[in-house]
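# A look at the structure
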Amino acid sequence: MKILVPVKRVIDYNVKPRVKADGTGVDLANVKMSMNPFDEIAVEEAIRIKEAGKAEEIIAVSVGPAKAQETLRTALAMGADRAILVETDEEVEPLAVAKILKAIADEEQPGLVVLGKQSISDDSNQTGQMLAALMGRPQGTFANTVEVDGDSVSVKREIDGGLETVKLTMPAIVTTDLRLNEPRYASLPNIMKAKKKPLDTKAPGDFGVDITPRLTTTNVAEPPVRQAGEKVEDVAALVAKIKELGIA
Amino acid sequence: MNTLVLVEHDNASVNDATLAVVTAAAKLGDVTALVAGSNCGGAADAAAKIAGVSKVLKADDAAYGEGLAENVAPLVAGLMADYDALLAPATTSGKNIAPRVAAMLDVMQISDILSVEGPKAFTRPIYAGNAIATVESSDAKLVITVRGTAFEKAATEGGSASVEDASGAGDAGISTFVSREVADGGDRPELTAAKVIVSGGRALKDSETFEQVINPLADKLGAAIGASRAAVDAGYVPNDYQVGQTGKIVAPEVYIAIGISGAIQHLAGMKDSKVIIAINKDEDAPIFQVADIGLVADLFNAVPEMTGAL
Ligand SMILES: Cc1cc2nc3c(=O)[nH]c(=O)nc-3n(C[C@H](O)[C@H](O)[C@H](O)COP(=O)(O)OP(=O)(O)OC[C@H]3O[C@@H](n4cnc5c(N)ncnc54)[C@H](O)[C@@H]3O)c2cc1C
Ligand SMILES: Nc1ncnc2c1ncn2[C@@H]1O[C@H](COP(=O)(O)O)[C@@H](O)[C@H]1O
């Protein structure tokens, strides 16, 4: 079985994003970029499934600028076997990403596609579900535990009320939540080895996918800023404040 | 515009998250509520009473009972022939189903809207709420998820919608529901509906300590309990306690953050709370930059003292 793992290059989660003064977006010039944290979890999960002898090959895919190669090299250094960069300088929306991934899945015929549940840049939380719809396959979103068993996969999902388990017939789509695993760091020898692993470069047009955006962003603004309030001296003062609020 | 609201429910009653969605949908046009479930007559009747709902579609089928996206999405996509917009709550259930419908309709979903700015224009948070984007859709139909804290809740009484049966293809045959582990919160209010939330972070050490320190204070205040990702990852509390960018979004009257540093991912989930109170032993903790009332103290002394004095 092959596992396909889509990985996105996004602003590093430690960076505080700054809105551009002209309202056109967030300033990404000279900002540290990394693999979307949920996608690191996806790569890790794919590696664990392979290490358990349940998969033969892991293919990492990224849709993005030439620099997304770095993200793919990170996935290769962690343990993916080969990578595909679908190169474009345009912002590609989840629907178009899902269409490109569908085309790649048609070619590669993976048993599982493991994505992040959400990219921390656009916070869309939709690509995996869309891919599942386009492929006509089941989805185990917000995965906390994934167990491959023959031609089906059990996914324990993090839901608002707790946890839920579903059983899916493969091929299936899984999206990762934070508790699925703790991603490994790539070791130096593996980083060196990753440089020699195959990385194909394609264009959205190669898959016949029109990436024209459906949504136009007309403005990007700072959220209302909260002012820091006061610090109180001691517990007695805090309790007095709480009583003033009328909640106790 | 004709809108379809995907009702979140437990077959017997309607979940609160739906009420904000009805308010958002009413800003766009006429509201039909879809109750897809199994033996869901109770939920359909409850939906019919929501103020602002003009019609209820009830799709009652064993295949819809557990809300499996593979079964529910084709039903919704089929019904969308008669509607211009689908609105679902930005809950784990809505986020699971709505994008699947969007792709079936060849539409880009607009996730987690904060406001309606025009018939096809909305604001939504990006980058953990550090930026608010205004987006306009060029799609023929709209698929939207709605942030519950951003819209008033529609009244649960006052409506008198008709209930009609609807049906779809039923079981897609590619997924099955196995089990659900849902903690019984007892008398404690639900996190996203609570007026007061007491949240604990990594500083709480372990699950026993968390319970010993946080629960008595929450009991005194009739509060729900939340947590940072660090506290959830470390197993102090279950995953559904997580507040933040990738957890639950809350906006209570009062949010009390205890031993939480205030990482941007945490702030994303609670900075719209009316009053924020923070207790942290580090006077430079970023949480104090958003807190209305701060106390620099060791929580293991301060919180029990506070609980005692309330
Ligand atoms: C992809 C991604 C998604 C994430 N999503 C979320 C999310 O949704 N929600 C979320 O919360 N986080 C999220 N995070 C994690 C976030 O970045 C922080 O790591 C996390 O919020 C830190 O939790 P904390 O404040 O409890 O822990 P810490 O940052 O370790 O802070 C502990 C605080 O406790 C204080 N303290 C210690 N001892 C005491 C004491 N005795 N008395 C008083 N104060 C004390 C310390 O001064 C410190 O400020 C996410 C991260 C990533 C990468
Ligand atoms: N441009 C992209 N390239 C590769 N994978 C992507 C891309 N955009 C989204 N994804 C995948 O889809 C997941 C969810 O993203 P989103 O729907 O944008 O929140 C991410 O965690 C990735 O796994």
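Quick summary incoming for the structure in this document.

Parameters and conventions
Residues numbered from 1 in each chain as written. Chains lettered and ligands numbered in written order. Predicted model: local features only at pLDDT ≥ 70, side-chain atom pairs only at ≥ 80, totals over all residues. Heavy atoms only, no water. Near = heavy atom within 4 Å. Polar contact = N/O pair within 3.5 Å; in protein donor to acceptor, adjacent residues only side chain to side chain. Areas by Shrake-Rupley, 256 points an atom, 1.4 Å probe, with all protein chains shown as cover. Helix = DSSP H or I, 4+ residues; strand = E, 2+ residues; numbered from the N terminus. Nonpolar A, V, L, I, M, F, W, Y, C, P; charged D, E, K, R; others polar. Core = buried A, V, L, I, M, F, W, Y, C linked by side-chain atoms within 4.5 Å. Buried < 20%, exposed > 50% of the residue type's maximum accessible area, 1.4 Å probe, protein only. Contact = heavy atoms within 4.5 Å. Buried area = accessible area lost by both parts, 1.4 Å probe. Salt bridge = Lys/Arg side-chain N within 4 Å of Asp/Glu carboxyl O. Pairing = 2+ DSSP bridges. Axes fitted to C-alpha atoms, helices over the stretch in contact; angles between N-to-C directions. Phe/Tyr/Trp six-rings, centres within 6.5 Å; stacked < 30°, edge-to-face > 60°. Lys NZ or Arg CZ within 6 Å of the ring centre and 35° of its normal.

### Some thoughts on the site of ligand 2
All names here are of chain A. Taken together, 19 residues form the shell around ligand 2, and within it Asp39, Val63, Ser119, Asn125 and Thr127 come nearest. Within the backbone of Pro6, an N or O atom sits 2.9 Å from an oxygen atom of ligand 2. Between Val63 and ligand 2, the recorded distance is 2.8 Å, taken from a backbone N or O atom to a nitrogen atom. For ligand 2, the accessible surface in isolation is 480 Å², of which the surrounding protein chains cover 98%. Of all the elements in the fold, those that place two or more residues in the shell around ligand 2 are strand S4 (57-64), helix H3 (94-108) and strand S6 (112-116). It is S4 that provides the largest number of residues to the shell around ligand 2, a total of 3 residues. A breakdown of the residues in the shell around ligand 2 according to their chemical character gives 7 nonpolar, 9 polar and 3 charged.

### Regarding the nonpolar core
In summary, soluble globular proteins display a tendency toward joint burial of nonpolar side chains. Counting 97 residues, the largest nonpolar core has B:Leu4, B:Leu34, B:Val56, B:Val76, B:Leu87 and B:Ile144 as the members making the most contacts within it. With 9 residues, the single largest contributor to this core is H3(A). Excluding anything up to four places from it in sequence, B:Ile144 contacts B:Leu28, B:Leu86, B:Leu87, B:Ala88, B:Ile110, B:Ile113 and B:Phe122.

### Regarding the site of ligand 1
Every one of the 29 residues lining ligand 1 counts as a neighbour, but B:Arg202, B:Ser228, B:Gln242, B:Ser261 and B:Asn280 are closest to it. The site occupied by ligand 1 is bordered by residues of chains A and B. In the model, an oxygen atom of ligand 1 is placed 2.6 Å from a nitrogen or oxygen of the B:Arg202 side chain. Within the contact set of ligand 1, an oxygen atom lies 2.8 Å away from a side-chain nitrogen or oxygen of B:His266. Here ligand 1, which alone exposes 980 Å², has 86% of that area covered by the protein. Secondary-structure elements contributing two or more residues to the shell around ligand 1 are helix H1 (37-51) of chain A together with helix H6 (229-233), helix H7 (264-270) and helix H8 (299-309) of chain B.

### Comments concerning the interface of chain A and chain B
With 78 residues of chain A at the interface, the matching set in chain B holds 82 residues. For chain A, the biggest contributors to the area lost against chain B are A:Asp160, A:Arg214 and A:Arg226; these three give 12% of the whole. Between the two partners, chain A and chain B, sit 7 salt bridges. A:Arg226 serves as the salt-bridge partner of B:Asp292, at 2.7 Å between the closest nitrogen and oxygen. Between the two partners, chain A and chain B, sit 50 residue pairs in polar contact (both at pLDDT 80 or more). Among the elements of the structure, H3, helix H4 (127-135), strand S7 (139-149), strand S8 (152-159), strand S9 (162-169), strand S12 (215-221), strand S13 (230-232) and helix H6 (235-245) of chain A are those that each provide at least two residues to the side of chain A that touches chain B.

### Regarding the pattern of salt bridges
Per the counting criterion, the structure on display carries 27 salt bridges over all chains. Between A:Arg214 and B:Asp139 there is a salt bridge, with the nearest N and O atoms lying 2.6 Å from each other. Here the residue A:Arg214 occupies a position in the loop between strand S11 (199-202) and S12, and B:Asp139 occupies one in the loop between strand S8 (131-137) and strand S9 (142-146), the pair thus bridging two chains.

### Details of the pairing of S7(A)
Residues and elements named next belong to chain A. Where burial is concerned, most of S7 is hidden: 8 out of the 11 residues are buried. Bridge analysis of S7 against strand S10 (residues 172-176) gives 3 bridges, and the strand direction is parallel. Counted as the bridge partner of Gly140 is Val174 from S10. Counted between consecutive antiparallel strands, the loop separating S7 from S8 contains 2 residues, among which Gly150 sits at a positive phi close to 65 degrees.

### What about the sheet that holds strand S12 (residues 196-200) of chain B?
Taken in spatial order, the 6 strands of this open sheet run S13(A)-S16(B)-S15(B)-S14(B)-S12(B)-S13(B), and their pairing is parallel. Of all strands in the sheet, those bounded by a partner on one side alone are S13 of chain A together with strand S13 (224-227) of chain B. For this sheet the average axis-to-axis angle between neighbouring strands, irrespective of direction, equals 20 degrees. Bridge count between S12(B) and S13(B): 4 bridges; the pairing is parallel. Each residue of the ladder has a partner; that of B:Val198, found in S13(B), is B:Ile225. Running at roughly 160 degrees to strand S15 (residues 275-280) of chain B, H6(A) makes contact with S13 of chain A together with strand S14 (254-258), S15 and strand S16 (293-296) of chain B of the sheet. Along the sheet, H8(B) contacts S14, S15 and S16 of chain B; its crossing angle with S15(B), the most-contacted strand, is approximately 130 degrees.

### Structural notes on the packing of aromatic side chains
Summed over the entire model, instances satisfying the criterion amount to 1 aromatic pair over all chains. Ring centres 6.4 Å apart and planes at 55 degrees place the aromatic pair B:Phe210 and B:Tyr236 in the tilted group. Remark: B:Tyr236 occurs in the loop between H6 and S14 and B:Phe210 occurs in helix H5 (residues 207-221); sequence separation between them is 26 residues. Residue B:Phe210 is classed as buried on the basis of its relative accessible area of 2%. Here A:Lys231 stacks its cationic end above the ring of B:Phe288, 4.6 Å away from the centre of that ring.

### Details of the environment of A:Pro37
Mapped onto the elements, A:Pro37 comes out in helix H1. Remark: the alpha-carbon pair of A:Pro37 and A:Tyr13, spanning 24 residues in sequence, is separated by 7.7 Å.

### Overview of H4(A)
Taken residue by residue, H4(A) has A:Gly128, A:Gln129, A:Met130, A:Leu131, A:Ala132 and A:Ala133 as its buried positions. Tucked inside the fold, the buried residues of H4(A) contact H3, S6, S7 and S10 of chain A together with helix H4 (92-104) and strand S5 (109-113) of chain B. Downstream of H4(A) by a residue or two, A:Gly136 has a phi angle that is positive, lying close to 65 degrees.

### Brief notes about the side chain of A:Arg137
All names here are of chain A. As for its position among the elements, Arg137 is in the loop between H4 and S7. In terms of polar contacts, Arg137 uses its side chain to reach the backbone carbonyl oxygen of Thr169, at 3.1 Å. Looking at Arg137, its side chain comes within polar contact range of the main-chain oxygen of Met170, at 3.5 Å.

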